[in-house]
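Here are the chains, one letter per residue:
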Amino acid sequence: MSSDSSKKRKPKVIRTDGGPQEGKRGKADADQDVRYYSEECEVDLRDPIKDYELYRETCQELQRLMAEIQELKSRGIKDNASEIDERRIQSCVHFMTLKKLNRLAHIRLKKGRDQTHEAKQKVDAYHLQLQNLLYEVMHLQKEITKCLEFKSKHEEIELVSLEEFYKEAPPEISRPAITLSEPHQQTLARLDWELEQRKRLAEKYKECLTSKEKILKEIEVKKEYLSSLQPRLNSIMQASLPVQEYLFMPFDQAHKQYETARHLPPPLYVLFVQASAYGQACDKKLVVAIEGSVEEAKALYKPPEDSQDDESDSDAEEEQTTKRRRPTLGVQLDDKRKEMLKRHPLSVTVDLKCKDENVLHLTFYYLMNLNVMTVKAKVTTAVEMTTAISAGDLLSPDSLLNCLYPGDHGRKTPNPANQFQFDKVGILTLSDYVTELGHPYVWVQKLGGLHFPKDQPQHTVTADNSLSASHMELTVKLLRTRLQSRLALHKQFASLEHGVVPVSSECQHLFPTKIVSRLVKWTAIPYEDYAELPYTKDVIEAGLAEDTHLYYMALIERGTAKLQAAVVLNPGYSTLPPVFSLCLNWKGERTSSNDDNIRAMESEVNVNYKELWGPKPGYQLLTNQLQRLCMVLDVYLETEPHDTSVEGPKEFPQEKMCLRLVRGPMRLKPFKFNYPQGFFSHR
């Protein structure tokens, strides 16, 4: 069988050796083309699934034949050669089957691609047709929109109503018999009537122009007369200036001030009027003036002009804006904050003069977008004052006017609406800007006639003259008192830093002739250091020490005993007395918590302070309290019992005359000084 198959296959082999075989090769190529097309037709008749099954079976059969050939070769028997050839022939047949299946698969793939390509071309053709139709639809819609949006010139003309037209127009124009039934004829008739009316108005306009020209000529004549009158009036005013100065009646200066006051915002205007009136009526040493740029103030109230710039200017501006970089979010917020905190160009200055020629300069500003007023303070002394390190905060603009009224710190805005404005631009609190803008004290708002009720908020807050007038007198007195008390403290601090407690002759009777204890140190301390002291907790818990107060440390010594006194100075000194907290370092640390006599010493200066006020208005209260501390320290040390275990004389011999050294179960010492007897007794 194998020999027959080999005989049948030999004529199909196409050889390419030599020239005579060309005719055979061409015939074989023609047969191959016929087989190609026949296989292409055969693809449509054959089932791909069956071909796949035939492929699997052929592969399995090839594997089996190869395995058998391998096994026969491994035996090495010569008789197996015929079997090996037979299996080779079978393998070749299977290879031919695989080649045919491969050709069929390629033909199927080619047909699938051709069909896909044809379908894709059809889809592309349909899609192109759809795009053309959509474009035609869009074009038609645009044309329809243009037709619908077309407006005739007569539509821009405001014609009279139909009722008025038929009522006023003559019948030859209105023609009601025709126009009522035909809208087109009605519109034409209304346009004719409009033309008739405009002709009449044009004639009337010409008549008005002629009358206007006559009136303008009359005005020009009167202006010339007034312009010639102004230099005469100015010469009269200049000639009267010496008389005004001699009679202390500066009419010219006051006239200029009142002309400038017309451009003030309402709160500053109310303040200016009320302060000027109070100064003229009650306080000749109060001087009110207006500062700032009047031109900028006028520009704020000018209406925006209709700008009709040339095309070249607008193009240049557009080029600049396009070249300019867009600002970042942070820069935009900064610009919004600056705009919100913008002050009015004009401000009002009030100068309060004292008897000793010291001056308190107050400058009042108005924040236009926040509707609140602020103030900045400055002190000018008649004589150059001695510089004291501890007196640095006394005349500081940030703390000079704190708590002029109780609880008015000037750190928060009194207008509740401002908090919502701050949230929009990222401002947490106004206290971060008070150094630049000034302090928005509540009394400043009242001087400007502004009142912001918290229980019943109002939509708009306007300046009230009566509110400003009711607070003017008291506020001026408090300001002058504050200035005098701070200047008095400034002088006293200069002496205290040199270890000298100044006591006036009017207060000498409050103390004995000889006081051994001496003040050796007086310094200012921050609130944080004061709060860290262990013997000041009671004062802080009682609410007598706030961050707006001033804090000082005094050190009094006698021998080995050292008395530390932490002082809280209220901004309302001397109406509100200073508060002392004591700590005695002598044979241990003694404070009010572990020694009743230290508590009694604190009571002598904190509770019985009215005895130390001295002559009114009581500016010597602090120095008298320090002098009393030196006195009671002497009494405390001299009345201490002598320690018998220590050899030698007593460290602090008794020099003060006391009726009783101690009294009661708490063994309190006699700290009260009796004048003129000169002895000490218990309270």
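Remember, it's a predicted structure, so these values are computed and weren't measured experimentally. (Residues numbered from 1 in each chain as written. Predicted model: local features only at pLDDT ≥ 70, side-chain atom pairs only at ≥ 80, totals over all residues. Heavy atoms only, no water.)

Looking now at the overall build of the chain. From N to C terminus, the chain includes 21 helices and 11 strands. Burial statistics for the chain: of 683 residues in total, 34% are counted as buried. Counting contacts in the chain only where the partners sit at least 6 residues apart, residues at least 24 apart contribute 65% of the total. (Helix = DSSP H or I, 4+ residues; strand = E, 2+ residues; numbered from the N terminus. Buried < 20%, exposed > 50% of the residue type's maximum accessible area, 1.4 Å probe, protein only. Contact = heavy atoms within 4.5 Å.)

Here the focus is a nonpolar patch on the surface. Nonpolar side chains collect at one region of the surface, where Leu140, Ile144 and Leu148 lie side by side and expose about 340 Å² of accessible area between them. Turning to its location among the elements, Leu140 is positioned in helix α4 (residues 81-149). (Patch = residues over 30% accessible without salt bridge, like charges linked within 9 Å, V, L, I, M, F, W, Y side chains within 5 Å. Areas by Shrake-Rupley, 256 points an atom, 1.4 Å probe, with all protein chains shown as cover. Salt bridge = Lys/Arg side-chain N within 4 Å of Asp/Glu carboxyl O.)

Look at helix α3 (residues 48-75) against α4: their axes get within 9 Å of each other, and the N-to-C directions meet at 155°. When the axis of α3 is compared with that of α4, the two are roughly antiparallel. When the axes of α3 and α4 are compared, the crossing they make is left-handed. Here the contact of α3 with α4 is built from residues that sort into 14 nonpolar, five polar and eight charged. (Axes fitted to C-alpha atoms, helices over the stretch in contact; angles between N-to-C directions. Parallel < 35°, antiparallel > 145°, perpendicular 65-115°, else oblique. Left-handed = near helix turned anticlockwise from the far one by under 90°. Nonpolar A, V, L, I, M, F, W, Y, C, P; charged D, E, K, R; others polar.)

By size, the foremost hydrophobic cluster in this structure holds 51 residues, and its most contacted members are Leu360, Leu362, Phe364, Leu401 and Trp443. Within the second largest apolar cluster, 50 residues are counted, among which are Ile515, Ala600, Leu629 and Leu637. (Core = buried A, V, L, I, M, F, W, Y, C linked by side-chain atoms within 4.5 Å.)

With respect to topology, five strands assemble into an open sheet ordered β5-β6-β7-β8-β9, the strand pairing being antiparallel. Of all strands in the sheet, those bounded by a partner on one side alone are β5 (518-524) and β9 (589-591). Each strand of the sheet is rotated relative to its neighbour by a mean of 20°, with strand direction disregarded. Helix α17 (residues 465-496) contacts β5, β6 (550-558) and β7 (561-569) of the sheet and is inclined by roughly 125° relative to β5. (Pairing = 2+ DSSP bridges.)

Structurally, Ser495 can be placed in helix α17. With residues near it in sequence (within four places) discarded, Ser495 still touches Val500 and Pro502.

Quick look at the packing of aromatic side chains now. The tally for this structure, following the rule as stated, stands at 10 aromatic pairs. Arranged with centres 5.5 Å apart and planes meeting at 65°, the rings of Trp586 and Phe652 form a pair that is edge-to-face. Of the two residues, Trp586 is situated in the loop between β8 (579-585) and β9 and Phe652 in the loop between α21 (621-638) and β10 (672-674); the sequence distance between them amounts to 66 residues. Residue Trp586 shares its accessibility class with Phe652, and that shared class is buried. Put simply, the rings of Phe493, Trp522 and Tyr552 touch in pairs and so form one group of aromatic residues. The positively charged end of Arg343 is found above the aromatic ring belonging to Tyr365, 4.1 Å away from the centroid. In this arrangement the basic side chain of Lys669 is found over the ring face of Tyr636, its NZ or CZ atom lying 5.3 Å from the centre. (Phe/Tyr/Trp six-rings, centres within 6.5 Å; stacked < 30°, edge-to-face > 60°. Lys NZ or Arg CZ within 6 Å of the ring centre and 35° of its normal.)

Next up on the list: the sheet that holds strand β1 (residues 286-292). Spatially, the four strands line up as an open sheet ordered β1-β2-β3-β4, and their pairing is antiparallel. Sheet topology places β1 and β4 (372-380) at the edges, where each strand pairs with a single neighbour. Shown here is a sheet whose adjacent strand axes are inclined to one another by a mean of 20°, direction ignored. Looking at chain direction, strand β3 (residues 359-367) and β4 are connected through nine bridges and run antiparallel. Following the sheet pairing, Tyr366 is matched in β4 by Met373.

Turning our attention to the pairing of strand β2 (residues 346-353). Counting buried positions along β2 yields six of eight residues, so the element is predominantly enclosed. Bridge analysis of β1 against β2 gives seven bridges, and the strand direction is antiparallel. Its bridge partner lying in β2, Gly292 is registered against Leu346. Direction of pairing for β2 relative to β3: antiparallel, over a ladder of six bridges. Looking across to β3, one finds that Val348 is bridged to Phe364. Between β2 and β3, which pair antiparallel and follow one another directly, the connecting turn spans five residues, one of which, Glu357, has a positive phi of 70°.

Here we take up α21. Taking 1.5 Å of rise per residue, the 18 residues of α21 would be expected to cover 26 Å, and the 26 Å separating its terminal C-alpha atoms lies within 8% of that figure. A large share of α21 lies buried, amounting to 18 of its 18 residues. (Expected span 1.5 Å × (residues − 1).)

Before going further, it helps to spend a moment on the side chain of Ser390. If you trace the backbone, Ser390 turns up in the loop between β4 and α14 (418-425). Given a relative accessible area of 4%, Ser390 falls into the buried group. If we ignore the near neighbours within four places in the chain, the residues touching Ser390 are Phe493, Glu497, Trp522, Thr523, Ala524 and Tyr552.

Attention now moves to unusual backbone geometry. Glycine aside, residues mostly have negative phi, and peptide bonds are mostly found in the trans state. Of note, the amide linkage connecting Tyr573 to Ser574 takes the cis form, showing an omega dihedral of 10°. Relative to the helices and strands, Ser574 resides in the loop between β7 and β8. Look at the link from Tyr675 to Pro676: it is a cis peptide, with omega at 10°. Along the chain, Pro676 turns up in the loop between β10 and β11 (679-681). Despite not being glycine, Glu357 has its phi angle at roughly 70°, a positive value.

This brings us to α4. The end-to-end C-alpha distance of α4 is 100 Å, a good match for the 102 Å that 69 residues give at a rise of 1.5 Å each. Inspection of α4 places Ile84, Ser91, His94, Leu98, Leu101, Leu104 and Ile107 among the buried residues, and these make up the whole buried set.

As a further point, take the packing of α17 against α21. Interaxial distance between α17 and α21 falls to 10 Å at its minimum, and their mutual angle equals 30°. As judged from the angle between their axes, α17 and α21 are roughly parallel. In this structure, α17 uses Leu489, Gln492, Phe493 and Leu496 to contact α21, whose residues at the interface are Leu622, Thr623 and Leu626.

With that settled, the discussion passes to the environment of Gly572. Inspection of the secondary structure assignment puts Gly572 in the loop between β7 and β8. Along the sequence, Gly572 and Leu478 sit 94 residues apart, while their C-alpha atoms lie 9.4 Å from each other.

The predicted model of the chain has a mean per-residue pLDDT of 84, with 87% of residues at 70 or higher. When the criterion is pLDDT under 50, residues 306-312 qualifies, and its contacts beyond four places in sequence or with other chains add up to one contact. (pLDDT = per-residue confidence, 0-100.)

Here we take up the pairing of β6. Within β6, eight of the nine residues are buried, which leaves the element mostly enclosed by the surrounding structure. Bridge count for β5 against β6 is six bridges, and the pairing is antiparallel. Looking at the pairing, Leu519 lines up with Ile556 of β6. Note that β6 and β7 share nine bridges and pair antiparallel.

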